[in-house]
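Residues per chain are reported as follows:
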Amino acid sequence: MIIDQHTALYGVIGNPVRHSLSPALHNAAFSATGFNAVYLAFEIEDIEECVKGIRAFGIKGTSITIPFKTAVMPFLDEIDPLAKRIGAVNTIVNDNGRLKGYNTDAIGAQKALKKKIELPGMTCLIIGAGGAARAIGFMLKEQDVAVSIVNRSRKRGEALARSLGCPFVPLVDIEGAKGDILVQTTPVGMYPHIDQCPVPEHILEQGMVVMDIVYLPAETRLLKSAKNRGCVTISGVDMLLHQGAEQFRLWTGLDPPVASMRHVLKEALLKQDERN
């Protein structure tokens, strides 16, 4: 990669974000396609001031992660209809100073899940009530999946359940809930707190499909327990790959080099395991 006066700047915005593998993912994609750009991580406190910075510095595109996927929306010029219906943005495209928000989380989750299960007619418990839960919940409803929102905070959980038109289950009552699929969308179990599991492990039933959107570590405690109990497991790495590929397409107009992106993710995860 050659950085010069024509190099475009992209990045991921969140807090915390220093653990993110998105820089490795997207820099590999830029390198593989010869696209003159670099992608950095920006850990920020104030999303409004950050959006001003995107405009001021001419940053061409950004990924948006926890906790700003909903908070960023009022400061954008335009929201893609899908992102507007979801109520969360994870991607910004800067088109000559006009900032447009998109959501690729839904696409990433759908592609990851469809590798393991036919979605229509299934039931799903979504753990969490943030931006990723919104995107995945919306996508699953579109796929004729009966969704329930499970969350520690009743206020946030009920709000998301209302917007999706589905039941809310307090986390303390999850043992009474049933689902063919369980999707974990919170940061619980993410490095460095890798010994944490967001749900009681005995609720994981044989044959259940369990997806954790945490990708660091690639196999969380939840996924290890699910595998041991005979569940079908899906790592957050799969969702990261597919949503990142769609981001690359939006930013560049090019077909994403998925094989190169997958390879660099595997290498980055191996290095992370060695450091830990």
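Residues numbered from 1 in each chain as written. Predicted model: local features only at pLDDT ≥ 70, side-chain atom pairs only at ≥ 80, totals over all residues. Heavy atoms only, no water.

Draft legend 1. Geometry of the overall build of the protein. In terms of helices and strands, the protein carries nine helices and 12 strands. Expected size for 276 residues packed as a compact globule is a radius of gyration near 19 Å; at 18 Å, the protein falls within 12% of this value. Counting the 276 residues in the protein, one finds 54% classified as buried. Look at the contacts in the protein between residues 6 or more apart in sequence, and 63% of them connect residues 24 or more apart. Both charge centroids of the protein, one from 30 positive and one from 29 negative side chains, sit 2 Å from each other. (Helix = DSSP H or I, 4+ residues; strand = E, 2+ residues; numbered from the N terminus. Rg over C-alpha atoms; globule rule 2.2 N^0.38 Å. Buried < 20%, exposed > 50% of the residue type's maximum accessible area, 1.4 Å probe, protein only. Contact = heavy atoms within 4.5 Å. Lys, Arg positive; Asp, Glu negative; His and termini not counted. Charge placed at Lys NZ, Arg CZ, Asp CG, Glu CD.)

Draft legend 2. Highlighting the packing of helix α4 (residues 105–114) against helix α8 (residues 236–252). Where α4 contacts α8, the two axes come as close as 7 Å, and the packing angle between them is 130°. Taken together, α4 and α8 sit at an angle that is classed as oblique. In this structure, α4 crosses over α8, and the sense of that crossing is right-handed. Counting all contacts with α4, which are made through Asp105, Ile107, Gly108, Ala109, Lys111 and Ala112, the residues of α8 involved are Asp238, Met239, His242, Gln243 and Glu246. Its residues assigned to classes, the contact of α4 with α8 shows four nonpolar, three polar and four charged. (Axes fitted to C-alpha atoms, helices over the stretch in contact; angles between N-to-C directions. Parallel < 35°, antiparallel > 145°, perpendicular 65-115°, else oblique. Left-handed = near helix turned anticlockwise from the far one by under 90°. Nonpolar A, V, L, I, M, F, W, Y, C, P; charged D, E, K, R; others polar.)

Draft legend 3. A look at the environment of Gly189. With respect to the helices, strands and loops of the structure, Gly189 is situated in the loop between β10 (181–184) and β11 (209–212). For the pair Gly189 and Glu45, spaced 144 residues apart in sequence, the C-alpha to C-alpha distance is 23 Å. Discounting chain neighbours no more than four positions away, the residues touching Gly189 are Ile194, Gln196, Val214, Leu216, Pro217 and Thr220.

Draft legend 4. Representation of the packing of aromatic side chains. Tallying each qualifying case throughout the model produces six aromatic pairs. Aromatic ring contacts, followed pair by pair, group Tyr10, Phe30, Phe35, Tyr39, Phe248 and Trp251 into a single cluster. (Phe/Tyr/Trp six-rings, centres within 6.5 Å; stacked < 30°, edge-to-face > 60°.)

Draft legend 5. Summary view of the packing of helix α5 (residues 131–142) against helix α6 (residues 154–164). One can describe the packing of α5 onto α6 by two numbers: an axis separation of 10 Å at closest approach and a directional angle of 30°. Here α5 lies roughly parallel to α6, going by the angle between them. For the pair α5 and α6, the sense of crossing is right-handed. Here Ala133, Arg134, Gly137, Phe138 and Lys141 of α5 lie close against α6, whose contacting residues are Leu160, Ser163 and Leu164. Residue composition of the contact of α5 with α6, grouped by class: four nonpolar, two polar and two charged.

Draft legend 6. The sheet that holds β10, seen in detail. The strand order across the open sheet built from six strands is β9-β8-β7-β10-β11-β12, with neighbouring strands paired in parallel fashion. Two strands in the sheet have a free side with no partner beyond their single neighbour: β9 (168–170) and β12 (232–234). The average angle at which neighbouring strand axes cross in this sheet is 20°, direction not considered. Bridge analysis of strand β7 (residues 123–127) against β10 gives four bridges, and the strand direction is parallel. From the neighbouring strand, Leu125 faces β10, where its bridge partner is Leu182. In this fold α4 packs onto β10, β11 and β12, with an angle of close to 145° to the strand it touches most, β11. Strand contacts of helix α7 (residues 221–228): β10, β11 and β12, with the helix running at about 165° to β11, the strand carrying the most contacts. (Pairing = 2+ DSSP bridges.)

Draft legend 7. Quick look at the sheet that holds strand β1 (residues 8–14). Taken together, the six strands give an open sheet; going across it, the order is β2-β1-β3-β5-β6-β4, and neighbouring strands pair in mixed fashion. What marks the edges here is a single partner per strand, and that holds for β2 (37–43) and β4 (78–79). One ladder, built from seven bridges, connects β1 with β2; its direction is parallel. When the sheet's bridge partners are listed, Ile13 is paired in β2 with Phe42. Against the sheet, α8 makes contact with β1, β2, β3 (61–64), β5 (91–95) and β6 (98–102), and its axis sits at roughly 10° relative to β5, the strand it touches most.

Draft legend 8. Region of interest: the pairing of β3. Because side chains alternate across β3, one face comprises the buried residues Gly61 and Ser63, and the other comprises Thr62 and Ile64, equally buried. Alignment of β1 against β3, held across four bridges, turns out to be parallel. Among the inter-strand pairings, Ile13 is bridged to a residue of β3, identified as Ile64.

Draft legend 9. Representation of unusual backbone geometry. A cis geometry characterises the amide bond from Asn15 onward to Pro16, with omega recorded as 5°. Counting through the fold element by element, Pro16 comes out in the loop between β1 and α1 (22–33). At the junction of Tyr191 and Pro192, the peptide bond is cis and its omega measures out at 10° in the coordinates. As for its placement among the helices and strands, Pro192 is situated in the loop between β10 and β11. Even without being glycine, Asn96 reaches a positive phi, approximately 55°. Mapped onto the fold, Asn96 is located in the loop between β5 and β6. With a phi close to 65°, Asp144 is a non-glycine residue in the positive phi region. On the secondary structure map, Asp144 appears in the loop between α5 and β8 (146–151).

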